[in-house]
Amino acid sequence: MGFLSIAHSDVGIKKNTNQDSVLIKEAMTDYGEVLLAVVCDGMGGLAKGEVASAALIRAFSSWFEDKFPEILYEKRKDGAIDRMELENELNALVIDVNHRIAEHGKQFHVAMGTTAALLILAEGRYYTMNVGDSRVYTIDSEKVSQLTKDQTFVQKEIDQGRMTLEEARNHPQRNVLLQCVGASEVIMPEFTNGEYTSDEVFMICSDGFRHLISEEEFFKLMNPGKLNTEKEMRDAALYCTELNKSRQEKDNISVILVKTC
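The shown structure was predicted, so the numbers you read here are calculated from the model rather than taken from an experiment.

Q: Give me the overall build of the chain: which residues, what numbers.
A: Looking only at helices and strands, the chain features eight helices and 12 strands. In terms of overall size, the chain behaves like a compact globule, its C-alpha atoms giving a radius of gyration of 18 Å where 261 residues would be expected to give roughly 18 Å. Based on the C-alpha atoms only, the size of the chain along its principal axes is roughly 45 × 45 × 40 Å. Considering the chain as a whole, with its 261 residues, one finds that 51% of them fall into the buried category. Across the chain, every contact between residues at least 6 apart in sequence was considered, and the portion connecting residues at least 24 apart equals 71%. For the chain, the distance from the average position of its 29 positive side-chain charges to the average position of its 42 negative side-chain charges is 4 Å.

Q: So what's going on with the sheet that holds strand S1 (residues 3–10)? Residues and values would help.
A: Pairing is antiparallel in the open sheet, where five strands are placed in the order S1-S12-S11-S8-S9. Each end of this open sheet is capped by a strand with a single partner; those strands are S1 and strand S9 (144–146). Each strand of the sheet is rotated relative to its neighbour by a mean of 20°, with strand direction disregarded. Two strands pair when backbone bridges link them, and strand S11 (residues 201–205) and strand S12 (residues 253–260) are joined in this way by five bridges, in the antiparallel orientation. Within the sheet, the bridge partner assigned to phenylalanine 202 lies in S12 and is valine 258. Its contacts with the sheet place helix H8 (residues 230–246) against S1 and S12, and it is angled at close to 25° to S1.

Q: Describe the nonpolar core, and please don't skip the residues or the numbers.
A: Core analysis: the largest hydrophobic core is formed by 33 residues, its most contacted members being Phe60, Trp63, Phe68, Leu86 and Ile120. Going through the elements one at a time, strand S3 (32–41), helix H1 (49–66), helix H2 (68–73), helix H3 (83–108), strand S6 (116–122) and strand S7 (125–131) are the ones with two or more residues in this core. The greatest single-element share of this core, amounting to eight residues, is contributed by H1. If sequence neighbours within four positions are ignored, tryptophan 63 has contacts with Phe68, Ile71, Leu86, Glu89, Leu90, Leu93 and Ile120. Counting 20 residues, the second-largest nonpolar core is a separate cluster that includes Met203, Ile213, Ala237 and Cys240.

Q: An account of the pattern of salt bridges is requested, with residue identities and associated values reported.
A: Tallied over the full model, the rule gives 20 salt bridges. Linking glutamate 103 and lysine 106 is a salt bridge whose minimum nitrogen-to-oxygen distance equals 3.6 Å. Within this pair, glutamate 103 and its partner lysine 106 are both found in helix H3, separated by three residues, close to a single helical turn. Classification of lysine 106 by relative accessible area gives exposed; the value is 56%. A salt bridge links aspartate 159 to lysine 149; the nearest nitrogen and oxygen atoms lie 3.5 Å apart.

Q: Can you explain the packing of aromatic side chains? Please cite residues and give values.
A: For the structure on display, the rule yields seven aromatic pairs. Here tyrosine 31 and tyrosine 73 contribute two aromatic rings whose centre-to-centre distance is 5.4 Å and whose plane-to-plane angle is 65°, an arrangement assigned as edge-to-face. Placement of the pair is tyrosine 31 in the loop between strand S2 (20–29) and S3 and tyrosine 73 in helix H2, with a sequence separation of 42 residues. Three or more aromatic residues link up through ring pairs in this structure, and these residues are Phe3, Tyr126, Tyr196 and Phe202. The side chain of arginine 76 reaches across the aromatic face of tyrosine 31, ending 3.9 Å from its centre.

Cut-offs applied
Residues numbered from 1 in each chain as written. Predicted model: local features only at pLDDT ≥ 70, side-chain atom pairs only at ≥ 80, totals over all residues. Heavy atoms only, no water. Helix = DSSP H or I, 4+ residues; strand = E, 2+ residues; numbered from the N terminus. Rg over C-alpha atoms; globule rule 2.2 N^0.38 Å. Buried < 20%, exposed > 50% of the residue type's maximum accessible area, 1.4 Å probe, protein only. Contact = heavy atoms within 4.5 Å. Lys, Arg positive; Asp, Glu negative; His and termini not counted. Charge placed at Lys NZ, Arg CZ, Asp CG, Glu CD. Pairing = 2+ DSSP bridges. Axes fitted to C-alpha atoms, helices over the stretch in contact; angles between N-to-C directions. Core = buried A, V, L, I, M, F, W, Y, C linked by side-chain atoms within 4.5 Å. Salt bridge = Lys/Arg side-chain N within 4 Å of Asp/Glu carboxyl O. Phe/Tyr/Trp six-rings, centres within 6.5 Å; stacked < 30°, edge-to-face > 60°. Lys NZ or Arg CZ within 6 Å of the ring centre and 35° of its normal.

Laid out in structure tokens, this is it:
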């Protein structure tokens, strides 16, 4: 199974610096085509957020080239990728980068941090990891499904039954993160996994891309029937970016789209 993929990132209408970083890497292997896609949102309220997001992106890129082949070829279980081994490797990577970013910040007396939303596609399965509030979605012929769960104050309140989704959308603390790579003492990434089929669209995005666009609008614009070429995918990403800006989104705006085919 192959992939179509595009990445798009925009500074937005207010900030002088784009603190988001994005990454797509693909490889053809004995087990078919594999793909890594990552969006990292450097924290807007912290200095040097772009340094933190770029550092994490570089670490994921190196890991995909140097370590992921071992998982794909050697560390297998029941004829497939060992999911626990994969999650342990990603967890260790994020913990290491968290420490390095924090030490770098101390050295220069600045605070910096980044979210992370990661997608791996291999052998008909998806694997996600996230820290913070960047997200991974899947869009099929029927609906939009959020695969990751935000690590935020409002999501915790929702989980504990103290807040509704509607209240969360308008809550003054809706952007407060519980975890952030580089700015949290303890990092505990969230993981999900499952099967995928052909003609699915995966969307990995920073919060600036999805705050002001509904899931219904995303489905209308990005369902698999609408995105048959990478040009159509890029046009959809650009359209949504400009729509966000017209609605006065103040954050950086970043998205990766991947279609299975």
